[in-house]
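Read off the chains here:
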Amino acid sequence: MKCKHCSANFRGEVREVIGKKEDYFRVLTDMGKNGVGEIYFSGGEPLLLDSLFDVIKFGKENNIIMTTGTNGAILDEEKVKRLKEAGVDKVFVSLDSYEEEKHDFLRNGKVFKKAVKGIEYLKEYGIYTRVDSVIWKGNYEDLDNFVNFCQKLGVDEITFAWTMKVGRAIENDEVLPPKSAYFKVGEKLKELKRKYNLPKISFHRFEYLNKEECRDCPGGRKIFYISSAGKISPCFWINTLLPDFFTEKNIFEEKISNLFQDKKIKKFVEMEKKRYKYFGSGCPTMCLMENNKFNSKDPLLINS
Ligand code: SF4
């Protein structure tokens, strides 16, 4: 698929996923021993990887919470059954509108019906289901109806994320929500969170709404991103703008404990500590993207 807002700088080439199933098992054992609590598989499309189900099962046997995302395009009953048998903890399905036409427009393909059917299967098999939705031009004024739709589907959680101008969204900037609507949307999300017990409402890039929570960047300390080539960076988002922060070695060549302490990761953490000291909490990716410099104040927090 070629989603119009996709953050990956993907232009249609197939990126090779390296490593055999046995290599993954070895790495998962190492991760389990080194305190990795949760693994989330994101896209491309994780369900295209046939070894995913065995990897999830093995991760669970090593006491790791195993979660996968999917765009829902191939989420049929057989895949849902295999996810259940593997013991997956949560499945995150992308859904960006309750209107078929709008969702398919953003996703650049006829996937709405398949994603909705996939969600129904997930609920039928008793799997925790989160809908991941970007806030974009086609839905930012109509979030009530969307939440209602998801409630009827029985989803457990919805996570909203403000669409960022990275990857394919640079050339398709007509899908971006107007920046002037950011704080109004934030207020709406707060209202929805108060109103609904289920689905649980959560959000990304609205850190100012989580006043009680830590607003420091967790990249390179609490979360890490592993690329399809097995290299580690502090966060997926920062990697789209600063690819230099990838480790030189990959998870198949080096122990995970060493990679977490790699000089590139440490450099990022030091840079962020300095940024935080002068400019306060916020997301360094947002600073880079909107202010063109890492050392600056997160523009989305300025009015908070
Ligand atoms: S760079 Fe931004 S998105 Fe990435 S971990 Fe830090 S705060 Fe989160």
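See the structure shown above.
This text gives an overview of the structure that appears in the document.

So, how was this worked out
Residues numbered from 1 in each chain as written. Predicted model: local features only at pLDDT ≥ 70, side-chain atom pairs only at ≥ 80, totals over all residues. Near = placed C-beta within 6 Å. Helix = DSSP H or I, 4+ residues; strand = E, 2+ residues; numbered from the N terminus. Nonpolar A, V, L, I, M, F, W, Y, C, P; charged D, E, K, R; others polar. Contact = placed C-beta atoms within 7 Å. Buried ≥ 20, exposed ≤ 12 C-beta atoms within 10 Å, placed from the backbone. Arc of directions from axis to C-beta. Pairing = 2+ DSSP bridges. Axes fitted to C-alpha atoms, helices over the stretch in contact; angles between N-to-C directions. Core = buried A, V, L, I, M, F, W, Y, C linked by C-beta atoms within 7 Å. Parallel < 35°, antiparallel > 145°, perpendicular 65-115°, else oblique. Left-handed = near helix turned anticlockwise from the far one by under 90°.

With that out of the way, let us pick up the site of the ligand. All residues in the neighbourhood of the ligand are listed as Cys217, Pro218, Gly219, Ile223, Cys235, Trp237, Ile238, Cys283, Pro284 and Thr285. Taken together, the elements giving at least two residues each to the shell around the ligand come down to α8 (236–241) and α11 (284–291). Its residues assigned to classes, the shell around the ligand shows eight nonpolar, two polar and no charged.

Turning our eyes to something else, we now look at the environment of cysteine 287. Its place among the elements puts cysteine 287 in helix α11. Along the primary structure cysteine 287 and lysine 297 are separated by 10 residues, whereas in three dimensions their C-alpha atoms are 6.3 Å apart. Those residues in contact with cysteine 287, other than ones at most four positions away along the chain, are Gly282, Lys293, Phe294, Ser296 and Asp298.

Now for helix α4 (residues 100–107). Here α4 has its buried residues at His103, Leu106 and Arg107. Looking straight down α4, one finds its buried side chains confined to an arc of 95 degrees; they lie on one side. Contacts from the buried residues of α4 go to α5 (112–124). Two residues or fewer past α4, asparagine 108 is found with a positive phi of approximately 60 degrees.

All right, on to unusual backbone geometry then. Between leucine 198 and proline 199 the backbone carries a cis peptide bond, its omega angle lying at -5 degrees. Tracing the backbone shows proline 199 in the loop between α7 (182–195) and β6 (200–204). Backbone geometry places asparagine 108, a non-glycine residue, at a positive phi of 60 degrees. Within the secondary structure, asparagine 108 sits in the loop between α4 and α5. C-beta crowding within 10 Å serves as the criterion here: with 15 such atoms nearby, asparagine 108 is assigned to the partly exposed category. At asparagine 292, a position not held by glycine, the phi torsion is positive, near 60 degrees. As for its placement among the helices and strands, asparagine 292 is situated in the segment after α11.

Below, the discussion takes up the pairing of strand β4 (residues 128–135). A regular strand places its side chains on the two faces of the sheet in alternate fashion. By the criterion of burial, β4 is predominantly enclosed, with six of the eight residues buried. As paired strands, strand β3 (residues 90–94) and β4 are joined by five bridges and run parallel to one another. Following the sheet pairing, serine 94 is matched in β4 by aspartate 132. Relative to strand β5 (residues 157–162), β4 is paired through six bridges, and the arrangement is parallel.

It is worth spelling out the sheet that holds strand β1 (residues 38–41) at this point. Taken in spatial order, the six strands make up an open sheet running β1-β2-β3-β4-β5-β6, and their pairing is parallel. Across the chains shown, the open sheet's two edge strands, defined by having one partner strand only, are β1 and β6. Shown here is a sheet whose adjacent strand axes are inclined to one another by a mean of 20 degrees, direction ignored. Along the sheet, α5 makes contact with β3 and β4, crossing β3 at roughly 165 degrees.

Okay, the nonpolar core next. Core analysis: the largest hydrophobic core is formed by 64 residues, its most contacted members being Val93, Ala115, Ile135 and Ile158. Once residues lying within four places of it in the same chain are set aside, the contact partners of alanine 115 are Asn71, Gly72, Leu75, Val93, Ser94 and Leu95. Counting residues in each nonpolar core, the second largest holds five residues, with Cys217, Cys283, Met286 and Cys287 among its members.

Here we come to the packing of helix α2 (residues 52–61) against helix α3 (residues 77–86). If you want to describe how two helices pack, look at the angle between their axes and the distance between the axes. Running from N to C, α2 and α3 cross one another at 20 degrees; their axes reach a closest spacing of 8 Å. By the criterion of interaxial angle, the relationship of α2 to α3 is roughly parallel. Here α2 and α3 pass one another in a crossing that is right-handed. Across the interface between the two elements, Phe53, Ile56 and Lys57 of α2 pack against Arg82, Leu83 and Ala86 of α3. A breakdown of the residues in the contact of α2 with α3 according to their chemical character gives four nonpolar, no polar and two charged.

What is shown is where atoms sit, not what they do.
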